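Chains, contacts and geometry: an overview
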Amino acid sequence: MQKLNVKDIQKMYEKAFHKKLILFDIKKLDGGFTNEVYLINNGNHKVVLKADTQDLSKLTTVDRNLMWWEAKMLEFLNSQNIPSPEFLYFDDSCEVVSFPYIFMDYVPGVNYFSFKKQMSKRDVESIDYQLGELAYQISSFKPNYYFLPSAPDLKFSNNYDFVSHLFESILNDASKFNCFDSKIYSDVRAILERYKKSLINVSAPRLSHTDMWDGNILVSGNEVASLIDLSDMYICDEIMTFCFHPIKGDPSASFLKGYNHKELNTYEQNRIDIYRMYVIIKMIVKGVLMDLGDLEWKYDSLNSQISRLSRKKED
């Protein structure tokens, strides 16, 4: 990732807000592995700067060139009064710096993933219920095609084709870096074909936050303060919302209640297992690309998921 210097940040701020950044404090935030994120305090004006990466070699194909989409999703969530940072400015002209960036308002709150263990069971259930409500509100947006922001020229007419494209993309990335032995590739493709009926059985594509895990939630007390990191919002199967397929265990009962008292049918339960398999594969590939280590449990999880799907019957 590029490292922003103070002069670059001053120029970016001045272009966005038409005023100089003079008496200020800049703090680098934990923005994940693919972006630089900074909290800028200019007097009483706190904003967050999120800058795209220039090094595409460290990104999976589906994670490339998404800053434009995150800006669009911020605007959309703002318009729907869904807790999210207020969108302030997006620049992809590459005039000031050679990469796109977003300014958004600062939202006070603590990371749900970090704070969850300190919360009471009742407060956790309350947060999960609210997340269900928010995910359901987001999913009320129903275009007539499936859409992946990293491939904006492609529109998919059914979920099987969309999911097959996702898997082929990540498996192609995996193949370039020898992430798996050949059997994994053939097993995964066989599973997609075996569960084609379940994958096709989706009533309509919906907007979904496919990375809506605890680390992308800010909370304040027992309230959801903000959803963050919106680049992985796809137009897809609503069950692709991450809360439906956590890496370990079943979806939260409170989340399902918040999601319009959702009851999962057999086809949806099969898709949950398939989407969980996809997330684990992506975690492994990203881990190899970025040399993150801690991969053994992920390989074990993938093998368990493949074995589970290979044993199950679709109907």
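Further up the page is the structure itself.
The model shown is predicted, which means the values in this text are computed figures rather than measured ones.

To continue, consider the side chain of Ser254. Looking at the element boundaries, Ser254 is found in helix H8 (residues 253-258). Judged by relative accessible area, Ser254 falls into the buried class, the value being 14%.

Within the fold, Leu230 resides in the loop between strand E9 (223-227) and strand E10 (233-236). By relative accessible area, Leu230 is classed as buried at 1%. C-alpha separation for the pair Leu230 and Ala190, spaced 40 residues apart in sequence, amounts to 31 Å. If sequence neighbours within four positions are ignored, Leu230 has contacts with Trp69, Glu70, Met73, Leu74, Leu77 and His209.

To continue, consider the packing of helix H5 (residues 159-176) against helix H6 (residues 182-194). Closest axis-to-axis distance for the H5/H6 pair is 11 Å, and the angle between their directions is 180°. One way to sum up the angle between H5 and H6 is to call them roughly antiparallel. For the pair H5 and H6, contact is made by Tyr160, Val163, Ser164, Phe167, Glu168, Leu171, Asn172, Ala174 and Ser175 and by Tyr185, Val188, Arg189, Leu192 and Glu193, respectively. Considering only residue class, the contact of H5 with H6 consists of eight nonpolar, three polar and three charged.

On to the pattern of salt bridges. Here the structure, examined in full by the defined rule, presents 17 salt bridges. Ionic pairing is found between Asp214 and Lys116, a salt bridge with its closest N-O pair at 3.0 Å. Of the two residues, Asp214 sits in the loop between strand E7 (206-209) and strand E8 (217-220) while Lys116 sits in the loop between helix H3 (112-115) and helix H4 (121-138), which places them 98 residues apart along the sequence. Of the charged contacts in the structure, one is a salt bridge between Asp273 and Arg276, with a shortest N-O distance of 3.1 Å. Separated by three residues within a single helix, Asp273 and Arg276 lie in helix H9 (residues 266-289), roughly one turn from each other.

Before going further, it helps to examine the nonpolar core. The tendency in soluble globular proteins is for nonpolar side chains to be buried as a group. One finds Phe162, Phe180, Leu227 and Ile281 to be the most contacted residues of the largest nonpolar core, which totals 80 residues. The biggest single contributor to this core is H9, with 11 residues. Ignoring any residue separated from it by four or fewer positions in sequence, one finds Ile281 in contact with Phe167, Ile170, Leu171, Phe180, Val188 and Leu302. With 17 residues, the next largest nonpolar core counts Ala16, Phe17, Phe99 and Tyr101 among its residues.

In the structure shown here, the tally under the stated rule is 20 aromatic pairs. Aromatic pair Tyr13 and Phe103: ring centres 6.1 Å apart, planes at 85°, arrangement edge-to-face. Of the two residues, Tyr13 is situated in helix H1 (residues 6-17) and Phe103 in strand E5 (residues 101-105); the sequence distance between them amounts to 90 residues. For the pair Tyr13 and Phe103, a shared accessibility class is recorded, and that class is buried. Taking the centre distance of 5.4 Å and the plane angle of 65° together, the rings of Trp68 and Trp69 count as edge-to-face. Its relative accessible area of 32% is what places Trp68 among the partly exposed residues. On the basis of relative accessible area, Trp69 is assigned to the buried category, the value being 4%. Clustering of aromatic rings is evident, with ring pairs tying together Tyr13, Phe17, Tyr89, Tyr101 and Phe103. Directly above the ring of Tyr160 sits Lys196, whose terminal nitrogen or CZ lies 4.7 Å from the centroid. Between Lys248 and the ring centre of Trp297, over which it is positioned, the NZ or CZ distance is 5.3 Å.

Criteria and cut-off values
- Residues numbered from 1 in each chain as written.
- Predicted model: local features only at pLDDT ≥ 70, side-chain atom pairs only at ≥ 80, totals over all residues.
- Heavy atoms only, no water.
- Helix = DSSP H or I, 4+ residues; strand = E, 2+ residues; numbered from the N terminus.
- Buried < 20%, exposed > 50% of the residue type's maximum accessible area, 1.4 Å probe, protein only.
- Contact = heavy atoms within 4.5 Å.
- Axes fitted to C-alpha atoms, helices over the stretch in contact; angles between N-to-C directions.
- Parallel < 35°, antiparallel > 145°, perpendicular 65-115°, else oblique.
- Nonpolar A, V, L, I, M, F, W, Y, C, P; charged D, E, K, R; others polar.
- Salt bridge = Lys/Arg side-chain N within 4 Å of Asp/Glu carboxyl O.
- Core = buried A, V, L, I, M, F, W, Y, C linked by side-chain atoms within 4.5 Å.
- Phe/Tyr/Trp six-rings, centres within 6.5 Å; stacked < 30°, edge-to-face > 60°.
- Lys NZ or Arg CZ within 6 Å of the ring centre and 35° of its normal.

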